[in-house]
Amino acid sequence: MTTTTPARGRRRAPSRMERAAGRAAAFQKPRVILALLLLLALTSVMLLDGYLRSEIGNDARVRDGAAYDKVPSRILDGGPILTFDRGTAETQSVPDKTIVLTFDDGPTATWTPQVLEVLRENDVDATFFMVGSMISRYPRMVKSLVKQGNEVGIHTFTHVDLSYQSAARLQRELKQTQLALAGAAGVTTTLFRAPYSSEIDAVDNYSWPVYKEIGNLGYTSVFVDTDSDDWKKPGVSKIVRWATPKKNKGAIVLMHDAGGDRSQTITALGTYIKKMKAKGYTFTTVSGAQAMLNRSQAAVGQQPGSAGAGSGAGTGAESAAQAAQHEAAGATLYEGRALVYAVAVAEWVVPALSWFLVVVGVAVMGRFGMMLVLARRHHRQRNRNRNRNRRRCKGSGGGRFSWGPTVTRPVSVIVPAYNEKECIANTLRSLAKSTHPIEIIVVDDGSDDNTSEIAESLGMPNVRVIRQENAGKPAALNNGVRNARHDIVVMMDGDTVFEPDAVHQLVQPFADPEIGAVAGNAKVGNRTTLIGAWQHIEYVMGFNLDRRMYDLLRCMPTIPGAIGAFRRDAVLGVGGMSEDTLAEDTDITIAMHRAGWRVVYQEHARAWTEAPGSLKQLWSQRYRWSYGTMQALWKHRKSLTDKGPSGRFGRVGMPLVVLFQIVTPVFAPLIDVFTVYSMIFVDLRAAVLAWLAVLTVQLVCAAYAFRLDREKYRYLAMLPLQQLAYRQMMYLVLIHSCVTALTGGRLRWQKLKRTGEVGTPAGAGR
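Colleague: Any chance you could explain the overall build of the protein here in plain terms?
Modeller: Within the protein, the secondary structure is distributed over 22 helices and 21 strands. Per-residue burial for the protein yields a buried fraction of 55% across its 766 residues. Within the protein, contacts between residues at least 6 apart in sequence are counted, and of these 81% link residues at least 24 apart. Only carbon and sulfur atoms are counted for the fraction: they give 56% of the accessible area of the protein, which is about 33,200 Å².

Colleague: Just to check I follow, could you spell out a nonpolar patch on the surface for this structure?
Modeller: A cluster of nonpolar side chains, Ile33, Leu37 and Leu40, forms an exposed patch at the surface whose accessible area comes to about 280 Å². With respect to the secondary-structure elements, Leu37 resides in helix H1 (residues 16-52). Relative accessible area serves as the criterion here: at 47%, Leu37 is assigned to the partly exposed category.

Colleague: Just to check I follow, could you spell out a positive patch on the surface for this structure?
Modeller: A cluster of basic residues, Lys238, Arg241, Lys275 and Lys279, forms a positive patch at the surface. Among the structural elements, Lys279 can be located in the loop between helix H9 (263-278) and strand S12 (282-284). Under the relative-accessibility criterion, Lys279 is labelled partly exposed at 41%.

Colleague: Help me understand helix H16 (residues 530-553) in this model?
Modeller: Note on helix geometry: an α-helix contains 3.6 residues per turn, so any two residues three or four positions apart are oriented the same way. End to end, H16 covers 34 Å across 24 residues, agreeing with the expected 34 Å (1.5 Å per residue, within 8%). Tyr539 marks the point of greatest bend in H16, at about 30 degrees. Counting buried positions along H16 yields 20 of 24 residues, so the element is predominantly enclosed. Remark: Arg554 follows H16 within two positions and exhibits a positive phi of approximately 60 degrees.

Colleague: What exactly am I supposed to notice about the packing of aromatic side chains here?
Modeller: Two aromatic rings are characterised by how far apart their centres lie and by the angle between their planes. Inspection of every chain in the model, using the stated rule, returns four aromatic pairs. Ring centres 6.0 Å apart and planes at 40 degrees place the aromatic pair Phe84 and Trp208 in the tilted group. Highlighted residues: Phe84 in strand S2 (residues 81-85) and Trp208 in helix H7 (residues 207-216), separated in sequence by 124 residues. Like Phe84, the residue Trp208 is buried in the burial classification. With a centroid separation of 6.5 Å and an interplanar angle of 80 degrees, the aromatic rings of Tyr272 and Phe283 are classed as edge-to-face. Highlighted residues: Tyr272 in helix H9 and Phe283 in strand S12, separated in sequence by eleven residues. Pair check on accessibility: Tyr272 and Phe283 agree, each one buried. If you follow Arg527 out to its NZ or CZ, it ends over the ring of Tyr715, 5.6 Å from the centre. The ring of Trp634 has Arg637 lying over it, and the distance from NZ or CZ to the ring centre is 4.1 Å.

Colleague: Help me out: how do you make sense of the nonpolar core in this one?
Modeller: For soluble globular proteins, the rule of thumb is that nonpolar side chains tend to be buried together. Core analysis: the biggest nonpolar cluster contains 63 residues, and Leu101, Leu119 and Tyr272 have the highest contact counts within it. One finds Leu553, Met556, Leu633 and Phe660 within the second-largest nonpolar core, a separate group that totals 60 residues.

Colleague: I would appreciate a short explanation of unusual backbone geometry in the present structure.
Modeller: Leaving glycine out, the prevailing phi sign among residues is negative, and the prevailing peptide bond configuration is trans. Note that the residue after Gly106, namely Pro107, is joined by a cis bond; omega there is 0 degrees. Tracing the backbone through its elements, the reader meets Pro107 in the loop between strand S4 (98-104) and helix H3 (112-121). For Asp105, which is not a glycine, the phi torsion comes out positive at approximately 80 degrees. Relative to the helices and strands, Asp105 is located in the loop between S4 and H3. Of note in this structure, Asn419 is not a glycine but carries a positive phi near 55 degrees. Structurally, the position occupied by Asn419 is in the loop between strand S14 (411-417) and helix H12 (424-432).

Colleague: It is not clear to me how the pairing of strand S5 (residues 127-130) should be interpreted in this structure. Could you clarify?
Modeller: Where a strand is regular, its side chains alternate between the two sheet faces. Burial along S5 is two-sided: the face carrying Thr127 and Phe129 and the face carrying Phe128 and Met130 are both buried. Here S4 pairs with S5 via three bridges, running parallel. Pairing of Asp104 across the sheet is with Phe129, part of S5. In the classification by handedness, the crossover that spans S4, the intervening H3 and the parallel S5 is right-handed. Pairing of S5 with strand S6 (residues 151-154), which is carried by four bridges, proceeds in the parallel orientation.

Reading the values: rules and limits
Residues numbered from 1 in each chain as written. Predicted model: local features only at pLDDT ≥ 70, side-chain atom pairs only at ≥ 80, totals over all residues. Heavy atoms only, no water. Helix = DSSP H or I, 4+ residues; strand = E, 2+ residues; numbered from the N terminus. Buried < 20%, exposed > 50% of the residue type's maximum accessible area, 1.4 Å probe, protein only. Contact = heavy atoms within 4.5 Å. Areas by Shrake-Rupley, 256 points an atom, 1.4 Å probe, with all protein chains shown as cover. Patch = residues over 30% accessible without salt bridge, like charges linked within 9 Å, V, L, I, M, F, W, Y side chains within 5 Å. Salt bridge = Lys/Arg side-chain N within 4 Å of Asp/Glu carboxyl O. Lys, Arg positive; Asp, Glu negative; His and termini not counted. Charge placed at Lys NZ, Arg CZ, Asp CG, Glu CD. Expected span 1.5 Å × (residues − 1). Bend = angle between axes of the 7 residues up to and from the residue. Phe/Tyr/Trp six-rings, centres within 6.5 Å; stacked < 30°, edge-to-face > 60°. Lys NZ or Arg CZ within 6 Å of the ring centre and 35° of its normal. Core = buried A, V, L, I, M, F, W, Y, C linked by side-chain atoms within 4.5 Å. Pairing = 2+ DSSP bridges. Right-handed = clockwise from strand over helix to strand, strands pointing away.

Structure below.
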């Protein structure tokens, strides 16, 4: 029987979604670019944070015991201040009874303020050789110590032994630290101290070329006379004793304001200053000591022994004690501020994301646990108890699970079809084998590939073909519902193949008058391909295991378009299949909940569907699903405030769907990014073990889902690869959908290319 039915009440002017589709097409590419830019920004923030914490590009090598025969003896026997005047190396020593306090490796938020407080209380200035990464993390501390009158010097950006580094790395370490200083305090400096350096007589053949290169760049290299060894935490008295120079000599003294617990240093510092002042010592900075030397040399008519950048004639310096500092200006100042701002973002974003991902991880593990518990309970209710009672009471219904009296009345099966010439014959032939009395309504939605002619040519007496102008799947389904002769309608896709008892199993829950719709068990038919096998795992583990959980919680979010059944009056009562969203199956399911109907899952009603055969088609399908789900949730957002049974979905289902189908997957890629980051830059073994632990949990869940569905376990061998490739694609699809939703875009229905290869496998699932 053939009927031609135009879409009721519909003009052929473009529909709202068709009009929106044209506008959306122009925005898709920018949205993809925006999503990629967000991912790039996040990656950049993580890399910056790792670089600051010496997790990226860190070189922990420290040279020791090298020869020094190429270093001039006058340098090795000279003072701790090394400068280069026109390429000639000169050294200077601190004047007698003068102390230059220097602090390395800072600043820190804990110890540097305490050091500054002790210096302030004792009216003493010091020189701080700071690490660039620490400067960028604590810019306010740098600004405070400069304002207090202290002097700053460079201690590289990442605290590496420069004798192992290339010239380019050396330049980068210096420049980045200068930018950090400029951004933090608005100054640059010409003072430098190499990491792991000590007295000048420790200069060797490898470090000497480095100091010459640094000197030719205008820097003054500063060594030490006395090392307090406070990093060893030897006790306050030893720190004071080891920092005290002998025979009233002047000295550059080394202490630390970072690198661990510095409480002993803080206590020793005040004691040391008072002790040395009592002995008649004065305290100054490196530049202050140079100025004192230059004045004494000028007084006896001699030329200063040091020239160049560190000679004490700093432009814009507030005093001789800060003569090595220069006011930052121009590009250096703005680049420095940009660096400090970027680091501030990284310092906030990365820890926040870390804690958030911990919450996400706990939620994901909780979901797995909840799925396993509820799925087992669901299976026991619907299967195990029934089978046991059947064995006890063969031929009797006493005590076993039952929806109620067996539903035997005829039902209507609606098959919306648009260019389904490859699949429609297999679909109808599978329905012809149905063990339940049915009428079949094929709604040809404006196909131009002879779909309706193929359906008619099969000569099936219970098949009606209704032709309509192309109006979309929701309109085709509504047309079928209006023309259905029976009170129960089964909806399926034009590429789906039903098992013989699928319809009979699907409609049995309608024996319960509270049930308004039933979700069937959709199976991937073309699972022999790699993409098909991945989707098979997803269908069994993700979709069907979820549906068991949602069934028990009475908040089923989606009846699959491939196999679902409805009370006809209930569908008409909620306004039919809506065109407001691209996920009409989710939309109608939520509408049924809000109308007070119960929606259940019937695992024994199995249908075989053809999954997308290419990554491009898969992306298009899942993009539409994800975006349509968001549309449906937004459309029914008022369900959150619905009262009574109709509000159960809003109180339970919607939060679960938002959390586990949108929020968690959106942030799940961050877990993978952090895992890869940890593998490469932090701890490979720990990261791999953590990933394997999560994979094991997923494998357990998947194996249990396969057991419940009586699927063959061999497909689980694809799970690790699915986690590495397929899952990432699904996450990107969801992110793309979120960007589209947030930017107000609209999508249209997208027809997938079918092959018609799916049939009902013999012994399927066994």
